[in-house]
Amino acid sequence: MMKNFFSLFILLVGLNSILIAGSPSFENPKRFTSEFWFGIRFPVADQTSDDMLSGFSLRFGLGYQLTKHFELFNLAFDFGSSSPQNPDYYYDYYYGLIQESVNIYGFPLTMRYRFQFKDQLEGFVGAGAAYYWFITRLDHPYFGELKSSRKRHGPGTLVEAGVFTDAFSDKLLVGLISNFTYLKTRGKTLTKPASTVDEKVTRIDPYLSFALCLRYYLGK
């Protein structure tokens, strides 16, 4: 599956170079960039969706626009939260029902190719690698952690695509991004085990994200 994505990425780069070569309004900023995005992450495999529900994703990244088309090493920190498919609960008289959650931490590293296809509108495609951790939490507002966390983590690859507009500012772009992340993780099941307590597993964890993104060019 990932080989097909990379092949499509290379094809898009070649076709777009032919279509927009020499566009006078598409300049090379030669600047560091910062990004912030807020979105939703969905598990897209039956085994993964049986373990964890969809949830939100917050991401902050830094990169460098080497040429007008290529951005090198966009390194980001990705944080998200969700719930196990079968969570544990705790009821407190003062605080009510407390539900177990899943915290998600990751470091995606991507290389991107951007292109202009309309005035004040540009797109990009990218590919890279990532490492993610999934950690369950059942915390009390006063007593703290109520049970031992279950953890799973591992490396993976990702592909992403997006569209931005500079209609609001030359330095601040607003856009929409879609991201597909394919992970191979090891550790414990995130959902409450039905039979074997704290079962150790190796999982293929694919996720699809959609996000609203702010992109800011640093410097003058």
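Details of the structure are given in the entry above.
Residues numbered from 1 in each chain as written. Predicted model: local features only at pLDDT ≥ 70, side-chain atom pairs only at ≥ 80, totals over all residues. Heavy atoms only, no water.

Caption draft 1: Layout of a nonpolar patch on the surface. A cluster of nonpolar side chains, contributed by Phe 32, Phe 36, Phe 38, Phe 56, Phe 60, Leu 62, Leu 172, Leu 214, Tyr 216 and Leu 218, occupies part of the molecular surface with about 900 Å² of accessible area. Secondary-structure elements contributing two or more residues to the nonpolar patch are strand 1 (32–43), strand 2 (55–65) and strand 12 (200–217). Among the secondary structure elements, Phe 36 is positioned in strand 1. Its relative accessible area of 41% is what places Phe 36 among the partly exposed residues. (Patch = residues over 30% accessible without salt bridge, like charges linked within 9 Å, V, L, I, M, F, W, Y side chains within 5 Å. Areas by Shrake-Rupley, 256 points an atom, 1.4 Å probe, with all protein chains shown as cover. Salt bridge = Lys/Arg side-chain N within 4 Å of Asp/Glu carboxyl O. Helix = DSSP H or I, 4+ residues; strand = E, 2+ residues; numbered from the N terminus. Buried < 20%, exposed > 50% of the residue type's maximum accessible area, 1.4 Å probe, protein only.)

Caption draft 2: The nonpolar core, seen in detail. One finds Met 52, Val 102, Ile 104, Ala 130, Tyr 132, Phe 134, Leu 158, Leu 183, Leu 190 and Tyr 207 forming the largest nonpolar core, which totals ten residues. Counting only elements with at least two residues in this core, the list comes to strand 6 (101–118) and strand 7 (121–137). Here this core takes three residues from strand 7, the largest share from any one element. Leaving out residues up to four positions away in the same chain, Leu 190 has contacts with Asp 51, Met 52, Pro 84, Val 102, Phe 134, Thr 136, Arg 150 and Arg 152. Of all hydrophobic cores here, the second largest spans eight residues; its members include Phe 124, Phe 164, Ile 177 and Cys 213. (Core = buried A, V, L, I, M, F, W, Y, C linked by side-chain atoms within 4.5 Å. Contact = heavy atoms within 4.5 Å.)

Caption draft 3: Looking closely at the side chain of Asp 92. Mapped onto the elements, Asp 92 comes out in strand 4 (residues 89–92). Looking at Asp 92, its side chain comes within polar contact range of the main-chain nitrogen of Tyr 95, at 2.9 Å. Of the polar contacts made by the side chain of Asp 92, one reaches the side chain of His 140; its length is 2.9 Å. (Polar contact = N/O pair within 3.5 Å; in protein donor to acceptor, adjacent residues only side chain to side chain.)

Caption draft 4: Region of interest: the pattern of salt bridges. Summed over all chains, the structure comprises 17 salt bridges. A salt bridge links Glu 145 to Arg 137; its shortest N-O distance comes to 3.5 Å. Residue classification places Glu 145 among the partly exposed positions, given a relative accessible area of 41%. Among the residues examined, Arg 137 registers a relative accessible area of 29% and is labelled partly exposed. Each of Glu 35, Arg 59, Glu 71, Arg 112, Glu 160 and Arg 215 takes part in salt bridges that share partners, so that together they form one network.

Caption draft 5: View of the packing of aromatic side chains. Overall, the coordinates contain 15 aromatic pairs when judged by the stated rule. Each ring, one from Phe 115 and one from Phe 117, has its centre 6.1 Å from the other, and the planes form 45°; the classification is tilted. Centroid distance Tyr 131 to Trp 133: 4.9 Å. Interplanar angle 55°. Geometry classified as tilted. Note on Trp 133: relative accessible area 32%, which makes it partly exposed. Taken together, Phe 38, Phe 56, Phe 79 and Tyr 105 form an aromatic cluster joined through their ring pairs. Sitting over the face of the ring of Phe 134, Arg 152 holds its NZ or CZ atom 5.9 Å from the ring centroid. Directly above the aromatic system of Phe 164 lies the positively charged group of Arg 215, at a separation of 6.0 Å from the ring centroid. (Phe/Tyr/Trp six-rings, centres within 6.5 Å; stacked < 30°, edge-to-face > 60°. Lys NZ or Arg CZ within 6 Å of the ring centre and 35° of its normal.)

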